[in-house]
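Summary of structural features
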Amino acid sequence: MRAAEISDQLTTVLVTEEQIHAKLEALARQVESDYDGKELLLVGVLKGAVMVMADFARQLKREVTMDWMAVSSYGAGTKSSGVVQIRKDLDTDLTGKHVLIVEDIIDSGLTLSWLLENFASRGAESIEILALLRKPEAAKVEIDCRYVGFNIPTDFVVGYGLDYNERYRNLRDVAVLAPHIYS
């Protein structure tokens, strides 16, 4: 599904599928260079990172292993409280591993901050982050994200894995959801 097909539900397209693919290809070349000679474990955060993880992994011209984690943060409304509950843990032992967390978006940074501490306590050799999208103005904690696709405004966005009530994940572009949909 493309943004043009549901334009009455969106206000602005921020990033097209073509721009996303070009950026993921460029990030893949950078990651390949940075991790040359090292085993790399990609960790996707469910559910939002599915599209990013799949397309990024396919851009890599090297062998990697992949694992998934599902976490839920509770708070008022749609805001993350930073209190994290693990819904699906990793199957991989992180001891001595070079871990690249693959995220769809960094918003407040609270959940990601918790993940970084959690992974460090599991003995990972190194931990870096690749995020397709980042909302710098929404940050509540500083997150050192080595690989960033696009900085975007604090608007409520959907597409490319990002959802509203489990809808719009399959939108191929990233777009601002029209307020009449969620208000």
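You'll find the structure just up there.
Scope of this entry: the structure provided in the associated data block. Keep in mind that this is a model prediction, so the values were computed, not measured.

Looking now at the overall build of the protein. From N to C terminus, the protein includes 4 helices and 9 strands. C-alpha extents for the protein along the principal axes are approximately 50 × 35 × 25 Å. Going through the 183 residues of the protein one by one, you find that 45% of them count as buried. Counting only contacts in the protein whose residues sit at least 6 apart along the sequence, the fraction spanning at least 24 positions is 64%. Accessible surface for the protein amounts to roughly 9,100 Å². Of this, 47% is attributable to carbon and sulfur atoms. Computed over 20 positive and 28 negative side-chain charges, the separation of the two mean positions in the protein equals 2 Å.

Turning next to the pattern of salt bridges. One pass over the structure, following the stated rule, counts 16 salt bridges. A salt bridge links Glu32 to Arg29; the shortest N-O distance between them is 2.8 Å. Highlighted residues: Glu32 and Arg29, both in helix α1 (residues 17–34), separated by 3 residues, approximately one helical turn. Note on Arg29: relative accessible area 26%, which makes it partly exposed. Between Arg169 and Glu166 there is a salt bridge, with its nearest N and O atoms 3.1 Å apart.

Turning our eyes to something else, we now look at the sheet that holds strand β8 (residues 157–158). The strand order β1-β9-β8 describes an open sheet built from 3 strands, whose pairing is antiparallel. In this open sheet, the two strands that pair with only one neighbour each are β1 (10–15) and β8. Pairing between β8 and strand β9 (residues 174–177): 2 bridges, direction antiparallel. Bridge assignment links Val157 to a residue of β9, and that residue is Val176.

Rules used in this analysis
- Residues numbered from 1 in each chain as written.
- Predicted model: local features only at pLDDT ≥ 70, side-chain atom pairs only at ≥ 80, totals over all residues.
- Heavy atoms only, no water.
- Helix = DSSP H or I, 4+ residues; strand = E, 2+ residues; numbered from the N terminus.
- Buried < 20%, exposed > 50% of the residue type's maximum accessible area, 1.4 Å probe, protein only.
- Contact = heavy atoms within 4.5 Å.
- Areas by Shrake-Rupley, 256 points an atom, 1.4 Å probe, with all protein chains shown as cover.
- Lys, Arg positive; Asp, Glu negative; His and termini not counted.
- Charge placed at Lys NZ, Arg CZ, Asp CG, Glu CD.
- Salt bridge = Lys/Arg side-chain N within 4 Å of Asp/Glu carboxyl O.
- Pairing = 2+ DSSP bridges.

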